[in-house]
Amino acid sequence: MSSTPPPPAPEDTETPQPFLHLPSGTVRFWVLVDGRFVGSSIRREILHYRYHATQTDDDPMVTYAENLSEIHAAVRRRVAKGSFEPVMLRDADIQAAPRA
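Just so we're clear, the structure is a prediction, and the values are computed from it rather than from any experiment.

K.L.:
A description of the overall build of the protein chain should follow, citing residues and the corresponding values.
P.N.:
Assigned secondary structure in the protein chain consists of 3 helices and 4 strands. Reading the protein chain from its N terminus to its C terminus gives the helix and strand order β-β-β-α-α-α-β. Put simply, the protein chain has 100 residues, and 32% of those count as buried. Sequence-distant contacts in the protein chain: of pairs separated by 6 or more residues, those separated by 24 or more amount to 40%. As displayed, the protein chain has an accessible area near 7,000 Å², and 55% of this comes from carbon and sulfur atoms.

Structure representation (structure tokens):
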């Protein structure tokens, strides 16, 4: 019999809150992957140039929240390819949408 309790079910687990880490200029956040939270980050410049390149007053936390699904999918892709925590998203992970 194991003395280690099982991990909490995903629906019982509260996601840690994302935050802007000013010294590094990154939004730090966690993504649930295979039942555990994976610490991740993305630089504010990547968010700016990918989503609001023509703006001068964009907020990285707002941009992160507006594009959470795409950003979290990029983390899951990196983990599936073997990346270890913390996953630091790069430009290539969040590519601009093709122009029409």
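From this point, things continue past the structure.
K.L.:
Mind laying out helix H1 (residues 44-51), listing which residues take part and the relevant values?
P.N.:
Buried within H1 are the following residues: Ile 46, Leu 47, His 48, Arg 50 and Tyr 51. Where H1 is buried, its residues contact strand E2 (26-33), strand E3 (36-43), helix H2 (60-66), helix H3 (68-80) and strand E4 (87-89).

K.L.:
I'd like to hear about the sheet that holds strand E1 (residues 19-21), residue by residue, with values.
P.N.:
Within a sheet, each strand pairs with its neighbour through backbone hydrogen bonds, oriented either parallel or antiparallel. The 4 strands lie next to each other as E1-E2-E3-E4, forming an open sheet whose pairing is mixed. The open sheet has two free edges, formed respectively by E1 and E4, since each of these has just one partner strand. Each adjacent strand pair in this sheet contributes to an overall mean axis angle of 35°, direction not counted. Where E1 lies against E2, 3 bridges are found, and the strand directions are antiparallel. Residue Phe 19 lies in a different strand from E2, and its bridge partner there is Arg 28. Seen against the sheet, H1 touches E1, E2, E3 and E4 and runs at an angle of roughly 70° to E3. Where H3 meets the sheet, it contacts E2, E3 and E4, and its direction lies at approximately 65° from that of E2.

About the cut-offs
- Sequence order as written defines residue numbering, which begins from 1 separately in each chain.
- Only residues with pLDDT of at least 70 are given local features in this predicted model, and only at 80 or more are side-chain atom pairs given and counted; all residues enter the totals for whole chains, interfaces and linings.
- For the side-chain quantities, the full set of heavy atoms in the structure was used; hydrogens and water were omitted.
- In this description a helix means any DSSP run of H or I spanning at least four residues, a strand means any run of E spanning at least two, and both kinds are numbered starting from the N terminus.
- Relative accessible area decides the class of each residue, using a 1.4 Å probe on protein chains only: under 20% of the type maximum gives buried, over 50% gives exposed, and in between gives partly exposed.
- Contacts are assigned to residue pairs that have any heavy atoms within 4.5 Å of one another.
- Where accessible areas are quoted, they stem from the Shrake-Rupley method and a 1.4 Å probe; at the residue level, only the protein chains shown are allowed to cover.
- Paired strands are those between which DSSP finds at least two bridges.
- Helix axes are fitted to C-alpha atoms over the stretch in contact, other axes to C-alpha atoms as well, and angles between N-to-C directions run from 0 to 180 degrees.

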